[in-house]
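Single-letter residue listing:
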Amino acid sequence: MAKCSGCGPGYRSPLDAMEGPREEIVYLPCIYRSTDTQKPDYLATVDVNPKSSTYCQVIHRLPMPNLNDELHHSGWNACSSCFNDPSKSRNRLVLPSLISSRIYVIDVGTNPRAPKIHK
């Protein structure tokens, strides 16, 4: 998760973000829309640290509790405009669903490599 030195989440500008440390994990919403699979969508955690033994692998899958959500996009609970506020952190990922209109809030702060549903 992006952080600048000694301040809140995010960066002052895209250029500052490019000069920041490389991400080590990423979160990808994975859906089963238009498939014969009758399973809930899931959030995949992928290791993108080239020095890791699990580089480019899905290291965790967090299934949603319902079928037919169609997870779509995601967003942080604190945006880059909070970069100067040390009281803010990116510890929740917001996952909206297109078909069901559900919104899941995922706790990525407690264990970033194995997130859990917060709400």
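Scroll up to find the structure this text is about.
Model, not experiment: these values are computed from the prediction. (Residues numbered from 1 in each chain as written. Predicted model: local features only at pLDDT ≥ 70, side-chain atom pairs only at ≥ 80, totals over all residues. Heavy atoms only, no water.)

Colleague: Is there a simple way to think about the layout of surface pockets in this case?
Modeller: Regions of empty space are outlined by a rolling probe, equal in size to a water molecule, passed over the atoms. When its volume is computed, the largest pocket comes out at roughly 170 Å³. If you trace the largest pocket, you find 13 residues lining it, with Tyr32, Arg33, Ser34, Thr37 and Asn68 closest to the centre. By residue class, the composition of the lining of the largest pocket is 3 nonpolar, 5 polar and 5 charged. (1 Å grid on protein atoms, 1.4 Å probe; cavity = no way out; pocket = protein on both sides within 12 Å on 5 of 7 lines; lining within 4 Å. Points joined across faces, edges and corners; volume = space filled by probe spheres on them. Nonpolar A, V, L, I, M, F, W, Y, C, P; charged D, E, K, R; others polar.)

Colleague: How should I be thinking about the packing of aromatic side chains in this particular structure?
Modeller: Each aromatic ring pair is described using two quantities: the centre-to-centre distance and the angle formed by the ring planes. Across all of its chains, the model carries 2 aromatic pairs by this definition. Look at Tyr27 and Trp76: their rings are 6.5 Å apart centre to centre, the planes differ by 80°, and that puts the pair in the edge-to-face class. Here the residue Tyr27 occupies a position in strand β1 (residues 25-30), and Trp76 occupies one in strand β4 (residues 75-76), the gap between them amounting to 49 residues. Assessed through its relative accessible area of 12%, Tyr27 is described here as buried. Of the residues examined, Trp76 reaches a relative accessible area of 31% and is grouped as partly exposed. (Phe/Tyr/Trp six-rings, centres within 6.5 Å; stacked < 30°, edge-to-face > 60°. Helix = DSSP H or I, 4+ residues; strand = E, 2+ residues; numbered from the N terminus. Buried < 20%, exposed > 50% of the residue type's maximum accessible area, 1.4 Å probe, protein only.)

Colleague: In this structure, what is going on with the sheet that holds strand β5 (residues 92-96)? I would like to understand it.
Modeller: Strand order across the open sheet formed by 4 strands is β4-β5-β6-β7, with antiparallel pairing between neighbours. Lying at the two open borders of the sheet, with one neighbouring strand each, are β4 and β7 (116-117). Sheet topology places β4 next to β5; 2 bridges connect them, and they run antiparallel. Residue Trp76 lies in a different strand from β5, and its bridge partner there is Leu93. (Pairing = 2+ DSSP bridges.)

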